[in-house]
Amino acid sequence: MEVEVKKSRLIAGTEIEGVVLKKLTEHRDQRGSFTEIFNHRWNLDLDAVQWSLVKSEANVYRGMHFHKRHDEYFCLIQGKCELGLKDMRSDSPTYLEWSQYELHGEDLAALIFPRGLLHGWYFPVPSVHAQSVSESYVDYGKDDNWGVVWNDPDIGVPWTFDDPIVSLRAGDFPDLDSFKKAIAPF
Ligand SMILES: Cc1cn([C@H]2C[C@H](O)[C@@H](COP(=O)(O)OP(=O)(O)O[C@H]3O[C@H](C)C(=O)[C@H](O)[C@H]3O)O2)c(=O)[nH]c1=O
């Protein structure tokens, strides 16, 4: 029987410019474990102004989302996640490249990514993650919370699922071409 590799890692695509996957250190003892998930001494390129805790049921997909003005932080705490990114910054050396990550709660890691990247995450099992942003939702939610339908083949990420549970809003997201026209020039 094949043993599943529970290692948080890039599994396909390109390492996009400005994206950091930071492995976290879980200090275990007989009581459980202690893990720092963020520290200003790590010099991560993120001015975190809001932190959120997100619980997802199995087969939930969140995204794909996009922001012109803020950077993000994602840390899977429990469960499993398939995370996709696509670089939409026309001045980036990895413009239109995509990345596919597999993240596991048993192998804690934080993914920090800059503004201008399409992002979406799928949870095959019930999962919990922390996320942080460099602009509060009360501000960006009004005019900088864009989306693209997750399964547009032009995105390029070879998702391993086909019929996820998505939000009502995500169900109405445009295709990649319409989105690119809407955000131009970017
Ligand atoms: C993002 C956010 C949402 N909410 C409320 C609004 C809704 O009632 C509920 C779920 O929000 P939403 O469906 O937008 O959550 P996600 O689909 O996970 O998407 C969010 O997290 C991904 C990463 C994005 O990049 C999106 O910009 C952000 O909207 O939480 C809040 O109260 N505060 C918040 O900061």
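Note that the coordinates shown come from a computational prediction; the quantities given were computed from them, not determined experimentally.

## With respect to the site of the ligand
Here's step 1: Inspection of the region around the ligand gives Gln 50, Arg 62, His 65, His 67, Glu 72, His 119, Trp 121, Gln 131, Tyr 137, Tyr 140, Asn 145 and Arg 169 as its neighbouring residues.
Here's step 2: Between the ligand and the protein, one listed contact pairs an oxygen atom with a side-chain N or O atom of His 119 at 2.9 Å.
Here's step 3: Measuring from an oxygen atom of the ligand, one finds a side-chain N or O atom of Asn 145 at 2.5 Å.
Here's step 4: Expressed as a share of its isolated accessible area of 640 Å², the protein-covered part of the ligand is 65%.
Here's step 5: The pocket occupied by the ligand, as judged from atoms lying within 2 Å of grid points, is the largest pocket.
Here's step 6: Within the residue set of the shell around the ligand, elements represented by two or more residues are strand S6 (60-66), strand S11 (117-123) and helix H1 (137-143).
Here's step 7: Considered class by class, the residues forming the shell around the ligand number three nonpolar, six polar and three charged.

## As for the pattern of salt bridges
Here's step 1: By the definition in use, this model includes nine salt bridges.
Here's step 2: One salt bridge connects Asp 71 with Arg 115, and the closest N-O pair in it is separated by 2.8 Å. Placement of the pair is Asp 71 in the loop between S6 and strand S7 (72-78) and Arg 115 in the loop between strand S10 (109-113) and S11, with a sequence separation of 44 residues.
Here's step 3: For Arg 115, a relative accessible area of 35% translates into the label partly exposed.

## Some thoughts on the sheet that holds S7
Here's step 1: Taken together, five strands build an open sheet; the order of strands is S2-S10-S7-S12-S5 and the sheet is antiparallel. Whereas interior strands pair on both sides, the edge strands pair on one side only; in this sheet they are strand S2 (20-23) and strand S5 (50-56). Within this sheet the neighbouring strands show an average axis-to-axis angle of 20°, counted without direction.
Here's step 2: Pairing analysis gives four bridges linking S2 to S10, with the strands arranged antiparallel. Within S10, the residue paired with Val 20 across the bridge is Ile 112.

## Examining the pairing of S10
Here's step 1: By the criterion of burial, S10 is predominantly enclosed, with five of the five residues buried.
Here's step 2: Burial along S10 is two-sided: Ala 109, Leu 111 and Phe 113 and Ala 110 and Ile 112, pointing in opposite directions, are all buried.
Here's step 3: Of the strand pairs in this sheet, S7 and S10 are connected by four bridges, and their pairing is antiparallel. Directly across from Phe 74, in S10, lies its bridge partner Leu 111.

Analysis parameters
- Residues numbered from 1 in each chain as written.
- Predicted model: local features only at pLDDT ≥ 70, side-chain atom pairs only at ≥ 80, totals over all residues.
- Heavy atoms only, no water.
- Near = heavy atom within 4 Å.
- Polar contact = N/O pair within 3.5 Å; in protein donor to acceptor, adjacent residues only side chain to side chain.
- Areas by Shrake-Rupley, 256 points an atom, 1.4 Å probe, with all protein chains shown as cover.
- 1 Å grid on protein atoms, 1.4 Å probe; cavity = no way out; pocket = protein on both sides within 12 Å on 5 of 7 lines; lining within 4 Å.
- Sits in = over half its atoms within 2 Å of the grid points.
- Helix = DSSP H or I, 4+ residues; strand = E, 2+ residues; numbered from the N terminus.
- Nonpolar A, V, L, I, M, F, W, Y, C, P; charged D, E, K, R; others polar.
- Salt bridge = Lys/Arg side-chain N within 4 Å of Asp/Glu carboxyl O.
- Buried < 20%, exposed > 50% of the residue type's maximum accessible area, 1.4 Å probe, protein only.
- Pairing = 2+ DSSP bridges.
- Axes fitted to C-alpha atoms, helices over the stretch in contact; angles between N-to-C directions.

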